[in-house]
Every structure is written in C-alpha cells, then in structure tokens.
Amino acid sequence: MTRHEILTSPDLTSLRTAELRRDFKQKIPELLELERLIRQYPQHLHARTEILLKNNALEFPLYSVTLGSEKPDAPTLLLTGGMHGIERIGSQVLIAWLHTLLERLNWDEHLQQLLSHIQLVLLPILNPAGMYLNQRANGNGVDLNRNAPIDAEGRVPLLGGGHRLGPFLPWYRGRKRGQMEAENIALEQVLQRQIFNRPFAAVLDLHSGLGMQDRLWFPHAYRKKAIGNIAQYVALKLLWERTYPNHTYLFEPQSIHYLSHGDLWDYFYYQSRAQNQPHFLPLTLEMGSWMWVKKSPRQLFNMAGLFNPQIQHRHSRVLRRHILLLDFIVAATLNHKNWLPDEKQTGIFNQTAKSLWF
Ligand SMILES: [Zn+2]
C-alpha cells in the first residue's frame, strides 16, 4: 500500500466548488489546515478518510493521520480532538503540534529516530459536522461523549450527565439500544485496527471546559470506583509531576467531579480489557477556559468565546502551552517500560490513589 492509495479526501477539497471552499474556510478552517498538512507532507504520514459524514447535502471527511513505526508491536499514542464541535481549540492545538512535528521531521534526526519506535495516530477533528455547525453535538444532535453504550452507576448532573429527552437539548445520548453514531463507530474501528492490538497504548483526547485550570482526567466517568489499573495512572501522574514540577495540570479521575452516561473512554477501556490488552491508558485534557474568559469577560456573551480563546496573543499562547505535555506523552508512551510500576510499586500506588481520591 503506498502512502497515497489510502488518501482519498484531500482531493475532495479540489473537487469542492469555490463557493463551498469559501464556506468551509469560514466555518471550519481547521479541516482545510489539516488537509493542507496531509497534502504537504506525504513523505511523513499516512492519511485516511475513515468515513464521509453527510449532513444537509454537505459531506465532511473524518480523517485519521498515522506517523512513525509500522511495526505491529510498536507502542502507540492516539491523539484526538474536536469531539465537541464547539471546542475547536483542541483541534487547533493538535493540528499546530502536528505541523511542528512534520516540519521537524524534515531535518531533526533525533525525532526521526524517535518516531521509528512509536506509532502516532491522530484524529484531530472527530466531529467535523458539529464544528461546521459550531455546536457541541454532531450533525444529528448527539453528544458523541454521551453516546457509548454504558450507563452511569449513580446520580449524574441533570442534562449534563447525558439524557434521552431529544436532540433539541445539549448532552443528548441518542436513542436507547441504538447504534453508536457514525463518528464513534469510525473511531472504534481505528482503535480495533491500530490501538487495541498493541502491548502499550495511551490516548490523549483534547477538550476545553469551563474551569480555571487545565485538567487531565482518566476513567471512570460512569462510576466512582477506581479503575483497574489505577496504579499505572498514579505512576504516570508522578512521572509528569516529577519531570515538570512547574506545570499545573490537575491529574485526576473524572468521577471525583461528576459522573456521566455514555462516556467513550470508559467504553473503549473495557473494550481493550475484553481483548486482553495489557496497557491501555486513555486521558482527557480539559483546557480550562475560564482563564481566557476571566481576562476578557466579554467572551461570556459569545458561545465560541466560552470554549475558545478569542484574542490572538492568548490563542497563540494556548497553542504553545500544551506542546510540552504532548511531547511528554510521546516520550512516556515510547519509554513505558521505564516507568510502569512493578508488583511492589503497584501496591504502593494503589494506596496512593486511595489516599488521593477514593
Ligand atoms: Zn468536550
């Protein structure tokens, strides 16, 4: 398979009419920027259109981009963004980081060597129709991160925890016993094809929420009980905090904040378990958008402003801010053998988790 054979969609942009191109440029410039990178660096990446999503006579490609080692047992990092269409800053952070990575691959032998030992899989725009429509939900009005077939054990926040009242309200889960939405099925296929079969895989899913601080969340979202491999999460948290003591991400289980129905990473975690994958560590980055709002309160009156920095210097700062974290997760994935806890440490880290959170 050549690198271009699986690459169908970037041709789509050239097929689009000038009018459509203008429309996309205005409403979803992130997609055009991703396509530009795919076209510009074919020597470094495999791109693939996982699905073409149809919405009101428009078609939106859901792209995956793969870089690095093609060895089937190479450790793998999956990076996803834009699951909630309005949180476009997550997609922008990933695309900006991908740009830097691709450009460095042209001249940085150290990076070339690093990537020959690890597989990187990026889906920077998981919900292109929602992003085009500037809404949290996908084109069908379903919240992709409330849509997995898993119910919370315990009380969830009214509406926000997921509901089945209908797509006219945010956080709609979709119909009971219905299939997952096409975007989620496509993501699951990527996981089956490139992630679950790996001895070690980590995930970073980028969001922006209404908090003061940047948070790194790990499952569960559906129950308060600690996740099976909590010791590995504690090890990763300590590794991060020891290595970058000046960084201020809060690293916590999501369940200490609220429970929710249909969380995708809960669901995929148990899928990976069912396939006996030894290490599958999904993390969600919730960029704290109150930091941006506080500094320009007018953003309060603008939905996009609640979830995305609006002023140029602040926007650039956010694009830079998380580079260190992304580089760290690449290194931690590649070098997992040097920090995963052994049996004795597992006992200690289980205790640590209990005293921190449970
Ligand atoms: Zn989100």
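Up top is the structure.
Residue positions are given per chain, counted from 1 along the sequence in the order it is written. Side-chain atom pairs in this predicted model are given and counted only at pLDDT of 80 or more, local residue features only at pLDDT of at least 70, and totals for whole chains, interfaces and linings cover all residues. Processing note: side-chain calculations cover all non-hydrogen atoms of the structure and skip hydrogens and water entirely.

Enquirer: Tell me about the overall build of the protein, and name the residues and values.
Expert: Strands are runs of DSSP state E lasting at least 2 residues, helices are runs of H or I lasting at least 4, and numbering of each runs from the N terminus. Each helix and strand in the protein was counted, giving 14 helices and 8 strands. Radius of gyration: C-alpha atoms only; globule rule: 2.2 Å multiplied by the number of residues to the exponent 0.38. Here the C-alpha radius of gyration of the protein, 20 Å, is about what a compact globule of 358 residues would show, namely 21 Å. Its C-alpha atoms put the protein at 60 × 50 × 45 Å along the principal axes. Between buried and exposed lies partly exposed: a residue is buried under 20% and exposed over 50% of the maximum accessible area for its type, with that area taken using a 1.4 Å probe on protein chains only. Looking at the protein as a whole, 58% of its 358 residues qualify as buried. Contacts are assigned to residue pairs with any non-hydrogen atoms lying within 4.5 Å of each other. Pairs at least 24 apart in sequence give 79% of the contacts found in the protein among residues at least 6 apart.

Enquirer: For the coordination of the zinc ion, give the residues involved together with the corresponding values.
Expert: We call an atom a donor if it is N, O or S and sits within 2.8 Å of the metal, or 3.2 Å for Na, K and Ca. Water is not counted, so some sites may look partial. Within the protein, His-84 (ND1), Glu-87 (OE), Glu-87 (OE) and His-207 (ND1) serve as the donor atoms for the zinc ion, at 2.0 to 2.5 Å. With relative accessibility at 3%, the residue Glu-87 sits in the buried group.

Enquirer: Report on the side chain of Asn-138, specifying residues and quantitative values.
Expert: Mapped onto the fold, Asn-138 is located in the loop between helix 6 (128-132) and helix 7 (182-195). Residue Asn-138 is classed as buried on the basis of its relative accessible area of 0%. A distance of 2.9 Å separates a polar side-chain atom of Asn-138 from the backbone nitrogen of Asn-140. Excluding its chain neighbours within four sequence positions, the residues that come into contact with Asn-138 are Asn-127, Gly-130, Leu-144, Glu-181 and Glu-183. Side-chain atoms alone can form a polar contact between residues adjacent in sequence; in general such a contact is a pair of N or O atoms within 3.5 Å, and within protein one must be able to donate a hydrogen while the other accepts it.

Enquirer: Any details on the pattern of salt bridges? Residues and values, ideally.
Expert: The rule for a salt bridge is simple: a side-chain nitrogen of Lys or Arg has to be within 4 Å of a carboxyl oxygen of Asp or Glu. One pass over the full model with this rule turns up 14 salt bridges. For Arg-173, the salt bridge goes to Asp-151, with nearest N and O atoms at 2.7 Å. Here Arg-173, found in the loop between helix 6 and helix 7, pairs with Asp-151, found in the loop between helix 6 and helix 7; they are 22 residues apart in sequence, far enough to count as distant. Judged by its relative accessible area of 7%, Arg-173 falls in the buried class. For Glu-153, the salt bridge is made with Arg-223, and the minimal N-O distance between the two is 3.3 Å. With Glu-153 in the loop between helix 6 and helix 7 and Arg-223 in the loop between strand 6 (215-218) and helix 8 (230-243), this residue pair connects regions lying 70 residues apart in the sequence. Judged by relative accessible area, Glu-153 falls into the partly exposed class, the value being 46%. Here the salt bridges share partners, and the residues they tie into one network are Arg-48, Glu-50 and Arg-193.

Enquirer: Explain the environment of Met-83 to me, using residue names and the numbers behind them.
Expert: By secondary structure assignment, the location of Met-83 is in the loop between strand 3 (76-81) and helix 4 (88-105). As for Met-83 and Arg-175, which are separated by 92 residues in sequence, their C-alpha atoms are 19 Å apart. With near-sequence residues (within four places) excluded, Met-83 lies in contact with Leu-126, Asn-127, Arg-136, Leu-144, Asn-145, Asp-205, His-207, Leu-264 and Trp-265.

Enquirer: Tell me about the packing of helix 7 against helix 9 (residues 264-274), and please be specific about residues and values.
Expert: How two helices pack is summed up by the angle between their axes together with the distance between the axes. A fitted line through C-alpha atoms represents every axis, and for helices the fit uses only the stretch in contact; the resulting angles, taken between N-to-C directions, go from 0 to 180 degrees. Orientation of helix 7 relative to helix 9, taken along the N-to-C sense of each, is 35°, at an axis distance of 12 Å. Handedness of the crossing formed by helix 7 with helix 9: right-handed. Facing Asn-184, Leu-187, Glu-188, Leu-191 and Gln-192 of helix 7, the residues of helix 9 in contact are Leu-264, Trp-265, Tyr-267, Phe-268 and Gln-271. Split into classes, the residues belonging to the contact of helix 7 with helix 9 amount to 6 nonpolar, 3 polar and 1 charged. The handedness criterion is simple: a crossing whose near helix is rotated anticlockwise from the far helix by less than a right angle is left-handed, and one whose near helix is rotated clockwise is right-handed. Throughout, the ten residues Ala, Val, Leu, Ile, Met, Phe, Trp, Tyr, Cys and Pro are labelled nonpolar, Asp, Glu, Lys and Arg are labelled charged, and all others, Gly among them, are labelled polar.

Enquirer: Could you give an account of the packing of aromatic side chains, with specific residues and numbers?
Expert: Pairing of aromatic side chains requires ring centres within 6.5 Å, counting the rings of Phe and Tyr and the six-membered ring of Trp. Pairs whose planes differ by under 30 degrees are stacked, by over 60 edge-to-face, and all others tilted. Counted by the stated rule, this structure contains 18 aromatic pairs. With 5.5 Å between their ring centres and 20° between their planes, Phe-24 and Phe-60 make a pair best called stacked. Of this pair, Phe-24 sits in helix 2 (residues 18-27) while Phe-60 sits in strand 2 (residues 58-68), placing them 36 residues apart in sequence. We note that Phe-24, like Phe-60, is buried. Their ring planes at 50° and their centres at 5.5 Å tell us that Tyr-267 and Phe-268 sit as a pair that is tilted. Each member of the pair, Tyr-267 as well as Phe-268, carries the same accessibility label: buried. Feature note: the residues Phe-218, Tyr-233, Phe-251, Trp-357 and Phe-358 constitute an aromatic cluster, connected by ring pairs.

Enquirer: Give me the sheet that holds strand 2: which residues, what numbers.
Expert: Across a sheet, paired strands are connected by hydrogen bonds in the backbone, their directions being either parallel or antiparallel. The mixed open sheet is built from 8 strands, whose spatial order is 1-2-4-3-5-8-6-7. Pairing within the sheet leaves two strands with one partner each, and these edge strands are strand 1 (45-55) and strand 7 (250-253). Across the sheet, the axes of successive neighbouring strands diverge by a mean angle of 20°, strand direction being ignored. Judged from the 4 bridges that link them, strand 6 and strand 7 form a sheet pairing that is parallel. Looking at strand 7, one finds that Phe-218 is bridged to Pro-253. Contacting strand 1 and strand 2, helix 3 (residues 29-40) runs over the sheet at an angle of about 45° to strand 2. Two strands pair under a simple rule: DSSP has to find at least two bridges between them.

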